[in-house]
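A closer look at the structure
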Amino acid sequence: FRQLSPQTKIILVNANASDLIPLRRWPMENFVELGRLLIANLDCIVVLTGSRSERDSAETLRASLDRDRVANFAGETSLVELIELYHMSDLLITNDSGPAHFVGFTNLPSIVLYGPETPKIFGSMAPAAKTIYLGLPCSPCISVYNQKRSSCQDNQCMKQITVDHVFEK
């Protein structure tokens, strides 16, 4: 990393939502644009998190950003280490996935993006969680009642969440 100051913020980004329900993913190009905005406008480093199977997609994201200000920790931490990382960080930005719920063990502020599932039922219990959910007429389209399956092939509920909206939040 470049020289860090005590004021440098650590922003965690979980850009994937596992292969189980890809409809929950915010487009990767949006994460790239958001990462660029964060780096350009804040004294921060971005740390990418995720599972071992998500490492390659996180590396693709890292390669699209300022390598001196982005680290790829996907697949490199245990759950205990991830929770410790949450304690050391300043913000988590994530799709609706495990990290949105793991952060509830900490006071880390988080921004969680919802679309095909509703945060009213599946929302993060984290005390400092902020939710972005557009509530389109087609949402939620997946739930435990339909075995988390949907005929949707175009997750507009996620695609219409703008980078500016997430950055402002």
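Rules used in this analysis
- Residues numbered from 1 in each chain as written.
- Predicted model: local features only at pLDDT ≥ 70, side-chain atom pairs only at ≥ 80, totals over all residues.
- Heavy atoms only, no water.
- Helix = DSSP H or I, 4+ residues; strand = E, 2+ residues; numbered from the N terminus.
- Rg over C-alpha atoms; globule rule 2.2 N^0.38 Å.
- Buried < 20%, exposed > 50% of the residue type's maximum accessible area, 1.4 Å probe, protein only.
- Contact = heavy atoms within 4.5 Å.
- Areas by Shrake-Rupley, 256 points an atom, 1.4 Å probe, with all protein chains shown as cover.
- Lys, Arg positive; Asp, Glu negative; His and termini not counted.
- Charge placed at Lys NZ, Arg CZ, Asp CG, Glu CD.
- Polar contact = N/O pair within 3.5 Å; in protein donor to acceptor, adjacent residues only side chain to side chain.
- Pairing = 2+ DSSP bridges.
- Axes fitted to C-alpha atoms, helices over the stretch in contact; angles between N-to-C directions.
- Arc of directions from axis to C-beta.
- Salt bridge = Lys/Arg side-chain N within 4 Å of Asp/Glu carboxyl O.

To continue, consider the overall build of the chain. Helices and strands together make up the secondary structure of the chain, namely seven helices and six strands. In sequence order, the chain lays out its α and β elements as β-α-β-α-β-α-β-α-β-α-β-α-α. Compactness check: the chain gives a C-alpha radius of gyration of 15 Å against a globular reference of 15 Å for 169 residues, within 12% of the reference. With the C-alpha coordinates of the chain rotated into their principal frame, the extents come out at 50 × 30 × 30 Å. Counting every position in the chain, which comprises 169 residues, the buried fraction comes to 46%. For the chain, contacts bridging at least 24 residues in sequence account for 58% of all contacts bridging at least 6. For the chain, the computed accessible surface area is about 8900 Å², with 53% contributed by carbon and sulfur atoms. Of the charged side chains in the chain, 16 are positive and 18 negative, and the gap between their average positions amounts to 3 Å.

So, about the side chain of Ser124. Its place among the elements puts Ser124 in the loop between α5 (119-122) and β6 (129-133). For Ser124, a relative accessible area of 16% corresponds to the buried category. Among the polar contacts made by the side chain of Ser124, one reaches the main-chain carbonyl oxygen of Ala100 at a distance of 2.5 Å. At 3.1 Å, the side chain of Ser124 forms a polar contact with the backbone nitrogen of Ala126. Leave out the neighbours within four places in its chain, and Ser124 touches Ala100, His101, Val103, Val112, Tyr114 and Ala129.

Now for the sheet that holds strand β5 (residues 110-114). With parallel pairing, the six strands of this open sheet are ordered in space as β3-β2-β1-β4-β5-β6. This sheet does not close on itself; its edge strands, each paired only once, are β3 (70-72) and β6. Direction aside, the axes of adjacent strands within the sheet are offset by 20 degrees on average. Here strand β2 (residues 44-48) runs beside β3; their pairing, made up of three bridges, is parallel. Its bridge partner being in β3, Val46 is matched across the sheet by Val70.

Right, let's talk about helix α3 (residues 79-88) for a bit. For α3, the complete set of buried residues consists of Leu82, Ile83, Leu85 and Tyr86. Seen end-on, α3 carries its buried residues on one side only, within an arc spanning 155 degrees. Exposed residues lying more than 90 degrees from the buried face of α3 are Val80 and Met88. Where α3 is buried, its residues meet β1 (9-14), β2, β4 (91-95) and α4 (98-102).

Enumeration over the complete set of coordinates arrives at four salt bridges. For Arg55, the salt bridge identified is with Glu76, shortest N-O distance 3.6 Å. Linking Arg55 in helix α2 (residues 55-63) with Glu76 in the loop between β3 and α3, this pair joins segments that are 21 residues apart in sequence. A salt bridge links Arg62 to Glu59, with the nearest nitrogen and oxygen atoms 2.6 Å apart. Of this pair, Arg62 and Glu59 both sit in helix α2, three residues apart, which is roughly one turn of that helix. Accessibility expressed as a relative area gives 15% for Arg62, which makes it buried. For Glu59, a relative accessible area of 27% translates into the label partly exposed.

Let's shift gears to the side chain of Arg69. Its place among the elements puts Arg69 in the loop between α2 and β3. Buried within the structure, Arg69 lacks any salt-bridge partner; its nearest side chain of opposite charge belongs to Asp66, at an N-O separation of 4.8 Å. Here Leu42 takes part through its backbone oxygen, which lies 2.8 Å from a polar atom of the side chain of Arg69.

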